[in-house]
Amino acid sequence: MADAYTRFIRTAVGRAIAKQTGLPRPPRLLRAADRTEPLLGPVVVLGTSAGADELAHTLLDWGADVRRRFDELRRVGSVIAVLDEVDAPDQLGEILLPLSSAMRSLVPGSRIITISRPVTGEDLARDAARGGVEGFVRSLGHEVRGGGTANGILVADGVALSSAPVLGALRFLLSARSAFIDGQLLRITADTGTAPRDDLHALAGRTALVTGAARGIGEAIARTLAGAGASLVLLDVPAAGTELARLANELRAVPVQLDVTAERAPTRLVETLRTRGLRLDGVVLNAGITRDRMFANMTADRWDPVIAVNITSQIRLMDALIDAGDVLGDQLRVVSLASTSGIAGNKGQTNYATSKAGVIAFVDALARRLEPLGGTANAVAPGFIETEMTARMPALNREVARRVNSLQQGGLPIDVAEAVAFLLSPPVGGIRGETLRVCGQNIVGR
Ligand code: NAI
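The shown structure was predicted, so the numbers you read here are calculated from the model rather than taken from an experiment.

## Observations concerning helix α12 (residues 350-370)
- Over its 21 residues, α12 runs 30 Å from end to end, which matches the ideal 30 Å to within 8%, given 1.5 Å per residue.
- Taken together, the buried positions of α12 are Asn 351, Tyr 352, Ala 353, Ser 355, Lys 356, Val 359, Ile 360, Phe 362, Val 363, Leu 366, Ala 367 and Leu 370.

## As for the pattern of salt bridges
- What the rule picks out here adds up to 21 salt bridges.
- A salt bridge links Arg 130 to Asp 157, with the nearest nitrogen and oxygen atoms 2.9 Å apart. Here Arg 130 is found in helix α5 (residues 124-143), whereas its partner Asp 157 is found in the loop between β5 (149-155) and α6 (164-174), with 27 residues between them in sequence.
- A relative accessible area of 5% places Arg 130 in the buried class.
- Taking the shortest distance from any N to any O, the salt bridge between Arg 403 and Glu 399 comes out at 2.8 Å. Of this pair, Arg 403 and Glu 399 both sit in helix α14 (residues 395-403), separated by four residues, roughly a single helical turn.
- Residue Arg 403 is classed as buried on the basis of its relative accessible area of 13%.
- Connected via shared salt-bridge partners are Asp 3, Glu 386, Glu 399, Arg 402 and Arg 403.

## Quick word on the nonpolar core
- Of all hydrophobic cores here, the largest spans 69 residues; its most connected members are Leu 225 and Leu 234.
- Not counting chain neighbours up to four residues away, the residues in contact with Leu 225 comprise Leu 203, Ala 208, Val 210, Ala 230, Leu 232, Val 284, Ala 421 and Leu 424.
- Of all hydrophobic cores here, the second largest spans 42 residues; its members include Leu 269, Val 270, Leu 332 and Ala 381.

## Looking at the packing of helix α7 (residues 216-227) against helix α15 (residues 413-423)
- Running from amino to carboxyl end, α7 crosses α15 at an angle of 50°, the nearest separation of the two axes being 8 Å. Here α7 is positioned oblique relative to α15, judged by the angle of their axes. Handedness of the α7/α15 crossing: right-handed. Every residue of α15 that contacts α7 at Gly 216, Ile 217, Ala 220, Ile 221, Thr 224 and Leu 225 is listed here: Pro 413, Ile 414, Val 416, Ala 417, Glu 418, Val 420 and Ala 421.

## Brief notes about the packing of aromatic side chains
- If you walk through the whole model with that rule in mind, you get two aromatic pairs.
- A ring pair is formed by Phe 295 and Trp 303, whose centres lie 6.3 Å apart and whose planes are at 65°; its orientation type is edge-to-face.
- Above the plane of the ring of Trp 62 lies Arg 171, whose end atom (NZ or CZ) is 4.9 Å from the centre.

## Observations regarding unusual backbone geometry
- Of note, the amide linkage connecting Gly 41 to Pro 42 takes the cis form, showing an omega dihedral of -10°.
- Here Asp 71, not a glycine, exhibits a phi torsion of approximately 40°, which is positive.
- Here Asp 71 shows up in the loop between β2 (66-67) and β3 (76-82).
- A positive phi is found at Gln 408, a non-glycine position, where the angle reads about 55°.
- Inspection of the secondary structure puts Gln 408 in the loop between α14 and α15.

## As for a nonpolar patch on the surface
- Where nonpolar side chains cluster on the molecular surface, the patch consists of Phe 8, Val 13, Ile 17 and Leu 23 and spans about 330 Å² of accessible area.
- With respect to the helices, strands and loops of the structure, Leu 23 is situated in the loop between α2 (12-21) and β1 (43-46).
- Residue Leu 23 is classed as partly exposed on the basis of its relative accessible area of 39%.

Analysis parameters
- Residues numbered from 1 in each chain as written.
- Predicted model: local features only at pLDDT ≥ 70, side-chain atom pairs only at ≥ 80, totals over all residues.
- Heavy atoms only, no water.
- Helix = DSSP H or I, 4+ residues; strand = E, 2+ residues; numbered from the N terminus.
- Expected span 1.5 Å × (residues − 1).
- Buried < 20%, exposed > 50% of the residue type's maximum accessible area, 1.4 Å probe, protein only.
- Salt bridge = Lys/Arg side-chain N within 4 Å of Asp/Glu carboxyl O.
- Core = buried A, V, L, I, M, F, W, Y, C linked by side-chain atoms within 4.5 Å.
- Contact = heavy atoms within 4.5 Å.
- Axes fitted to C-alpha atoms, helices over the stretch in contact; angles between N-to-C directions.
- Parallel < 35°, antiparallel > 145°, perpendicular 65-115°, else oblique.
- Left-handed = near helix turned anticlockwise from the far one by under 90°.
- Phe/Tyr/Trp six-rings, centres within 6.5 Å; stacked < 30°, edge-to-face > 60°.
- Lys NZ or Arg CZ within 6 Å of the ring centre and 35° of its normal.
- Patch = residues over 30% accessible without salt bridge, like charges linked within 9 Å, V, L, I, M, F, W, Y side chains within 5 Å.
- Areas by Shrake-Rupley, 256 points an atom, 1.4 Å probe, with all protein chains shown as cover.

This is the structure:
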């Protein structure tokens, strides 16, 4: 449900006040539950490279209404600008400028996606063009109206645009499941993974562990993964045992009451998995806490638990799961919960930001460790999400935090959950050590 300000500003009086004063008017975000079609059409594929042709054919296979030009289109659902062969900045306009006159024809919840190559440091003009795409995406994200978004996919040289991770990322970013992801560039480094399946069965046959699953974002992740067909092991502290048992019962999941910081937590988890004969294909390291305080007033009883829960427990759990040798599947996907605080820093959160910046570095190192085992690891960095954690913020701070992003509202736990489900899916093997921000393009940080 929308926050109180958003509900007011959508009334006739609120609209009139907003018009006169320039107050923000948060758009309605269409999420998967609000939209019947997985991809918004018509989809216009811009660009003339072989990769663009190939992508247009794939979209046709997905049943999309695909066009190669805007022509007289009065409504445009999605735009994919394929820029994989640009060699100099002066080539960008030819592909991108036709979109300019179509901006007003974009339907609510539209998707604009660039597909380009990352800079390599090898060619001045080519790198400038490739780097330029990032600036374009980040600016356009601020300009798209009606709850639409602009994002990019950066595909390493040598990886085909038709490869599984590119198609997986494209399908996710085109869908309503990416409603709160805006102005981001997702990097694909290798052609590893299997082709995307339909969204309802994206995780069928896979088993995933979710820590901190009893409430908030963890609960939303559990529900979303179950909805995509995954079998679940749900973990939370004994104090949350009742909520955990209820959820596990509903989702036919295995509940595990465990404090992730306990000395024996990693061995107990491994024992539980062995006893039940389970192998994990997905691990979601979501359990997290805040103990905010200005650093001048920081004490060990606020610093230590945050580091212990938010990062040290993750390292210990992953070490134990990998070392056990028999409790992980061979296409493992790990997703850890970072935060935009870990990217940009945040006043009063030195402890939390330290732990979350640690998470961002940790998934990068973990992805390297899992690569020879056929697995990968990535992080999701939520911005302001409406949960019990953020409900405890001072009211004014909370109100400001909600508005300082391109979509002018807080995200919902489901938005984070959808991103986690995507990063757990088989196609994303070639996405390694990335941190995907789910923040509506919050103005803080990169
Ligand atoms: P929450 O406080 O609503 O839920 C956290 C869950 O983790 C609870 O069920 C709690 O019992 C569990 N937990 C805490 N310590 C644990 C431990 N030692 N062992 C096992 N379970 C433990 O928090 P929320 O908002 O759902 O956050 C989930 C994750 O998302 C956290 O890692 C948080 O840092 C991250 N995040 C949240 C944001 C937000 O706006 N709510 C923004 C950025 C990141």
